Amino acid sequence: MVFVQEPPKQGAEKATGSFSKEPTSSLRNPPRVFTSARAAAPNGMRSGPANNGCSAREPEKTPRRGSDRAGPWDEKTKGEMAIRFYRTDCLQEPLSRALRALGASVGTYPWPYLLVPLVISGALSVGFIFLPSRQPNDLEEQFTPIEGPAKTERSFVQKYFHTDDANHFSPERLTTEGAYATLIAVAARRHGSLLTREAFAELLKIDQAVRGIQAAGFSYDRICARNFGKCVSPNPLLSIVQDKPDYIEVLRPNLTFPVFRNRIFLGFFLGGVTLGSGNEPARSLLGARAMRLIYFLQENDPSKREASNLWLEAFVQRIPLIVGALNLTVLKELV
């Protein structure tokens, strides 16, 4: 580092001893020059030539591989980097133009945009008329696993114990839940009994009304489960009485429960029973407050199974109206 000290000016009482950076050629008297020792440059730096009395340090350029010293920057590469830019609206700009055109079209022609969606929605909603026919009602298909162990075992039973619900139906041989409709009739009086002429007259009316229900052209007589060519009776006592309600008065002293005539099981069809003396399983039956009617349908044939499902839906919908129209007095409840 070089410092220059100016000589004292004429007329001044004392030398100021100030320093100045003016060139030495402009001074009248030659200045005294003080030279200070320069510290060693750190690694990677070297001292350059003095410029106007000042020294500068420049970083050493790292030499390129294969050469002794670093070469200058490529001027062409610098120019390309200076003017390079990237577009970020490649999606925004065309989308904005498309939406702008759509808005202009809607504002100019609004009616097509209002009417066309309504027409399309109305045309597609026509498919809802097929919804009731395609509604799944198979509980086994919906709530049981596919190819489960229970289904494998049932297939084994069906292989050796066939069921023929069109000619030789037997509830004991059912391997499924079966297709059936059921009604439970209860006496109106608290301690009343259904084993009377009046009660059986109303039970026969209910039975006749149920047999008259039709669905999709199928009546109960066409799709009922049969045994030896006849529909299985919904209750064994109704089949014994047939169309003569007075016959129950004649039959009542000989009724036994739960087995009647050593072959008819009444425990599944009568409830709230009053028993008399006797030995099991044939005690005398004095009264029964509730009676169950079960109407079995065919399900082995796929076409009959579909008809049975339709008939059951009609039964559930119409039976409350049918019971209300009969004006029952002896029977209080039907469930």
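Residues numbered from 1 in each chain as written. Predicted model: local features only at pLDDT ≥ 70, side-chain atom pairs only at ≥ 80, totals over all residues. Heavy atoms only, no water.

Visitor: So what's going on with the packing of aromatic side chains? Residues and values would help.
Guide: Counted according to the given criterion, the structure contains seven aromatic pairs. Aromatic pair Phe 169 and Phe 296: ring centres 5.1 Å apart, planes at 45°, arrangement tilted. Here Phe 296 lies in strand S13 (residues 282-297) and Phe 169 lies in the loop between helix H6 (149-160) and strand S5 (179-187), a separation of 127 residues in the sequence. Accessibility classification places Phe 169 together with Phe 296 in one group, the buried group. (Phe/Tyr/Trp six-rings, centres within 6.5 Å; stacked < 30°, edge-to-face > 60°. Helix = DSSP H or I, 4+ residues; strand = E, 2+ residues; numbered from the N terminus. Buried < 20%, exposed > 50% of the residue type's maximum accessible area, 1.4 Å probe, protein only.)

Visitor: Break down the state of the cysteines for me, with residues and values.
Guide: If you walk through the whole model with that rule in mind, you get one disulfide. Two residues, Cys 224 and Cys 231, share a disulfide whose sulfurs are 1.8 Å apart. Judged by the sign of its S-S torsion, about -60°, the cystine formed by Cys 224 and Cys 231 is left-handed. Residue Cys 224 is classed as buried on the basis of its relative accessible area, which comes to 0%. (Disulfide = S-S within 2.5 Å.)

Visitor: So what about unusual backbone geometry? Which residues, and what values?
Guide: Residue Pro 258 follows Phe 257 across a cis peptide bond; omega there is 5°. One can find Pro 258 in strand S10 (residues 256-260). The step from Glu 280 to Pro 281 runs through a cis peptide bond, and the omega angle for that step is 0°. Residue position: Pro 281 is located in the loop between strand S12 (270-275) and S13.

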